[in-house]
Amino acid sequence: MAQSKQQQNLLDKITAVSKRRGFVFQSSEIYGGINGFWDFGPVGAQLKRNIRDYWWNTLVRNGHVGPDGQKFDIVGLDASIIMSTRVWEASGHTTSFSDPMVDCRKCKQRFRADLLPETKCPSGGDHDYTEVRDFNLMFKTHVGPIQDDASVAYLRPETAQAIFVQYQNVLTVSRTKVPFGIAQIGKAFRNEINPRNFIFRSREFEQMELEFFVKPGEEDKWHRWWLDQRLNFYSELGIDRDKLSIEWHPENKLAHYAKACADIMFDFPFGCQELEGIASRTDYDLRQHANHSGKITPYFDADTNERYHPYVVEPSAGLDRTVLALLCNAYTEEVLTNAKGEEETRIVMKFHPRVAPVTVAVFPLLRNRPELVEKAETVFQLLQPHFRVQWDDRGNVGKRYRYQDELGTPYCVTVDFDTIGQGELKAAEETVTIRDRDTMEQIRLPISELIGWLKEHIGV
Ligand code: ATP
């Protein structure tokens, strides 16, 4: 897809603020970096964790209520990254988990044949492509001290297969019944031909996957229901509804085992792209593993006395892509006039308080006045058990606000001379100022009301 200069500019700005404030760094940066790998810095790691925890905490529990009012459970799994190669043979990944690839004979670069660049060849003129070949995306390694064919293993290219492989064990231990789900969050690895668009397409990434097992015949109802649930999830993370859309895969593009597939798309600066895929996968995976292992028996449905392999609805989300969607959704520039009458640009990351890496920053007005610092420390200690709190006493308060705006901190609390009763406001109660990130308005509030007020406004 062609990118306009403005769109590229926006992605560059988001990349710059990510580096400047510690959301995302290039992996191995001091050694020149490594293409397709990224590190999450202090606030990025927290942002990622907040999304991950929200996904897990809202999904993995008993007593969900489904589309017709039926109750169901979702249980968790944390499987190993390296599994038996037989898993990937049964799932079909060793033979068909590949992307079409071409080389340019002139510049020697490799490209995904379905995502060819619109740019000219650096050697001049058009690229001169070879025939299309399949390139398997799985990273290979060896297990144990002998590197031969028998010791080959793969880093998992998706977390889903482990769920199918452990399905029988989970079913036995969790005393649940169909419909039910198994959820997993973890790293996946794909040797992408062209990693690109910052953290959108990388070679190591994290997935949040749910395999939801239903009675055959009920999959369409559940597929639609999960699509709604998953859209709500992104709204609850604070993503604007008008930046989200749904794209149904046309029937002729579906994988041979899939009944239907719909993607949740986000309007990234480089175009509308997939955040999450929600596939209706029939009983293909369970059947494959049942046939290859001989260890998975059909499910016995005690309500109907039937035996079957459940059908699967799979909402499969990318955590890193969700981080990028949140960064893009939050990034805002506002032109303000400063005290000297000059125009300046305020960059604000407008994260929903639910995911903001820091929810409250606490400042003493001046760092060299022990009475202010001491009181601010008391406020900091008071808030710390309830919120993600950051201490800041560097520079002037205006600069601290700008810094916190770029971290996306919804509220800043300042302890000033009025707090300690030396200002104009000789309040009966100690008060602090709270400054709102989005409106930049400030109000005064007694310290005793601070926790309640913040909880109400942050929504925790
Ligand atoms: P794409 O078409 O973009 O390559 P896909 O359809 O192969 O993705 P799935 O196999 O359905 O992706 O994986 C589920 C989710 O995992 C995707 O929706 C995406 O959020 C995430 N994901 C997949 N590949 C990558 C990658 N290389 N980097 C980051 N996230 C990824």
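Residues numbered from 1 in each chain as written. Predicted model: local features only at pLDDT ≥ 70, side-chain atom pairs only at ≥ 80, totals over all residues. Heavy atoms only, no water.

Before going further, it helps to examine the overall build of the protein. A count of helices and strands for the protein gives 12 helices and 24 strands. Viewed in the frame of its principal axes, the protein has a C-alpha envelope of about 80 × 70 × 50 Å. Each of the 460 residues in the protein was classed as buried or not, and the buried ones make up 50%. Within the protein, contacts between residues at least 6 apart in sequence are counted, and of these 64% link residues at least 24 apart. In the structure as shown, the protein presents an accessible area of about 22400 Å², 48% of it carried by carbon and sulfur atoms. (Helix = DSSP H or I, 4+ residues; strand = E, 2+ residues; numbered from the N terminus. Buried < 20%, exposed > 50% of the residue type's maximum accessible area, 1.4 Å probe, protein only. Contact = heavy atoms within 4.5 Å. Areas by Shrake-Rupley, 256 points an atom, 1.4 Å probe, with all protein chains shown as cover.)

By the secondary structure assignment, Thr345 is in strand β19 (residues 343-349). Its relative accessible area of 47% is what places Thr345 among the partly exposed residues. Sequence separation between Thr345 and Glu371 is 26 residues; the distance between their C-alpha atoms is 34 Å. In this structure Thr345 touches Glu333, Glu334 and Val335, once residues within four positions along its chain are discounted.

What follows deals with the sheet that holds strand β13 (residues 260-268). Taken together, 8 strands build an open sheet; the order of strands is β3-β4-β10-β11-β17-β14-β13-β12 and the sheet is mixed. Each of the sheet's edge strands pairs with one partner strand only, and the pair in question is β3 (64-65) and β12 (244-248). Sheet topology note: the β12/β13 ladder contains 5 bridges and is antiparallel. Across the sheet, the residue bridging to Ile246 is Ile264, located in β13. This element, helix α9 (residues 319-330), spans β11 (204-214), β13, β14 (271-280) and β17 (311-318) of the sheet and lies at about 35° to β13. (Pairing = 2+ DSSP bridges. Axes fitted to C-alpha atoms, helices over the stretch in contact; angles between N-to-C directions.)

Here the focus is empty space enclosed by the protein. In the structure shown here, the tally under the stated rule is 1 cavity of 30 Å³ or more. Approximately 40 Å³ is the volume found for the largest cavity. Considering the residues around the largest cavity, the lining is formed by Leu237, Gly238, Ile239, Leu326, Asn329, Ala330, Lys350, Phe351, His352 and Val355. (1 Å grid on protein atoms, 1.4 Å probe; cavity = no way out; pocket = protein on both sides within 12 Å on 5 of 7 lines; lining within 4 Å. Points joined across faces, edges and corners; volume = space filled by probe spheres on them.)

What follows is about the nonpolar core. Counting 60 residues, the largest nonpolar core has Leu47, Ile51, Trp226, Tyr234, Phe268, Leu327 and Phe351 as its most contacted members. At 8 residues, α9 tops the list of elements feeding residues into this core. When residues no more than four places from it in sequence are discounted, the contact partners of Phe268 are Phe200, Gln273, Leu275, Arg321, Leu324, Ala325 and Cys328. (Core = buried A, V, L, I, M, F, W, Y, C linked by side-chain atoms within 4.5 Å.)

Taking 1.5 Å per residue, 18 residues should reach 26 Å; helix α7 (residues 219-236) reaches 25 Å between its end C-alpha atoms and fits that length. A positive backbone phi angle near 100° is found at Gly238, which sits one or two residues after α7. (Expected span 1.5 Å × (residues − 1).)

What follows deals with the sheet that holds strand β6 (residues 110-112). What the 3 strands build is an open sheet, ordered β6-β5-β7; its pairing is antiparallel. The two strands at the open ends of the sheet, each matched to only one other strand, are β6 and β7 (133-136). Averaged over all adjacent pairs, the angle separating strand axes in this sheet is 50°, with direction ignored. Here strand β5 (residues 98-103) pairs with β6 via 3 bridges, running antiparallel.

Attention shifts here to the pattern of salt bridges. The full count for this structure, using the stated rule, is 39 salt bridges. Between Lys221 and Glu218 there is a salt bridge, and its shortest N-O distance comes to 4.0 Å. The class for Lys221 is partly exposed, based on a relative accessible area of 23%. The salt bridge partner of Arg287 is Asp283, with a shortest N-O separation of 2.8 Å. Take Arg287: its relative accessible area is 41%, and that puts it in the partly exposed class. (Salt bridge = Lys/Arg side-chain N within 4 Å of Asp/Glu carboxyl O.)

Summarising the element assignment, Glu209 is placed in strand β11. It turns out Glu209 is buried and unbridged, and the closest side chain with the opposite charge, Arg190, is 6.1 Å from it. Among the polar contacts made by the side chain of Glu209, one reaches the side chain of Thr159 at a distance of 2.5 Å. Those residues in contact with Glu209 that lie beyond four places of it in its chain are Trp55, Glu158, Thr159, Ala160, Ile163, Ile182, Ala183, Gln184, Glu314, Pro315 and Ser316. (Lys, Arg positive; Asp, Glu negative; His and termini not counted. Polar contact = N/O pair within 3.5 Å; in protein donor to acceptor, adjacent residues only side chain to side chain.)

What follows concerns the site of the ligand. Every one of the 15 residues lining the ligand counts as a neighbour, but Glu192, Arg201, Ser202, Glu274 and Leu275 are closest to it. In this structure, Glu192 approaches the ligand through a side-chain N or O atom, which is 2.8 Å from a nitrogen atom. Between the ligand and the protein, one listed contact pairs an oxygen atom with a side-chain N or O atom of Gln207 at 3.2 Å. Burial of the ligand by the protein chains amounts to 81% of its free accessible area of 600 Å². Mapped by element, the contributors of at least two residues to the shell around the ligand are β11, β14 and β17. Of all the elements, β14 adds the most residues to the shell around the ligand, at 4 residues. When the residues that make up the shell around the ligand are grouped by side-chain class, the tally is 3 nonpolar, 5 polar and 7 charged. (Near = heavy atom within 4 Å. Nonpolar A, V, L, I, M, F, W, Y, C, P; charged D, E, K, R; others polar.)

Moving on, we come to the environment of Leu11. Structurally, the position occupied by Leu11 is in helix α1 (residues 5-21). Put simply, Leu11 and Thr345 are 334 residues apart on the chain and 17 Å apart in space, counted from C-alpha to C-alpha. In this view, Leu11 contacts Asn197, Phe198, Pro269 and Phe270; residues no more than four positions away in its chain are not counted.

We now examine the state of the cysteines. A disulfide bridge is the covalent bond that connects two cysteines by way of their sulfur atoms. Applying the stated criterion across every chain yields a total of 0 disulfides. Cysteine Cys261 shares no disulfide, and the gap to the nearest cysteine sulfur, in Cys272, comes to 16 Å. Judged by its relative accessible area of 10%, Cys261 falls in the buried class. In this model Cys328 remains outside any disulfide bridge; the closest cysteine sulfur is found in Cys272, 12 Å from its own. (Disulfide = S-S within 2.5 Å.)

Let us look at the domain arrangement of the protein. Along its sequence, the protein is carved into domain 1 (2-85 + 155-327) and domain 2 (358-458). A straight line from the C-alpha centre of domain 1 to that of domain 2 covers 39 Å. At the junction of the two partners, domain 1 supplies 7 residues and domain 2 supplies 4 residues. Carbon and sulfur atoms supply 55% of the area that domain 1 and domain 2 bury against each other, a total of about 550 Å² over both sides. Summed over the shared surface of domain 1 and domain 2, the result is 2 salt bridges. Note that Arg20 is salt-bridged to Glu406, the shortest N-O span being 3.1 Å. Here domain 1 is connected to domain 2 by 2 residue pairs in polar contact (both at pLDDT 80 or more). Put simply, the parts of the chain that give the side of domain 1 that touches domain 2 at least two residues each are α1 and α2 (42-59). Of the residues that constitute the side of domain 1 that touches domain 2, the class distribution is 3 nonpolar, 2 polar and 2 charged. (Domains from an automatic or database assignment. Buried area = accessible area lost by both parts, 1.4 Å probe.)

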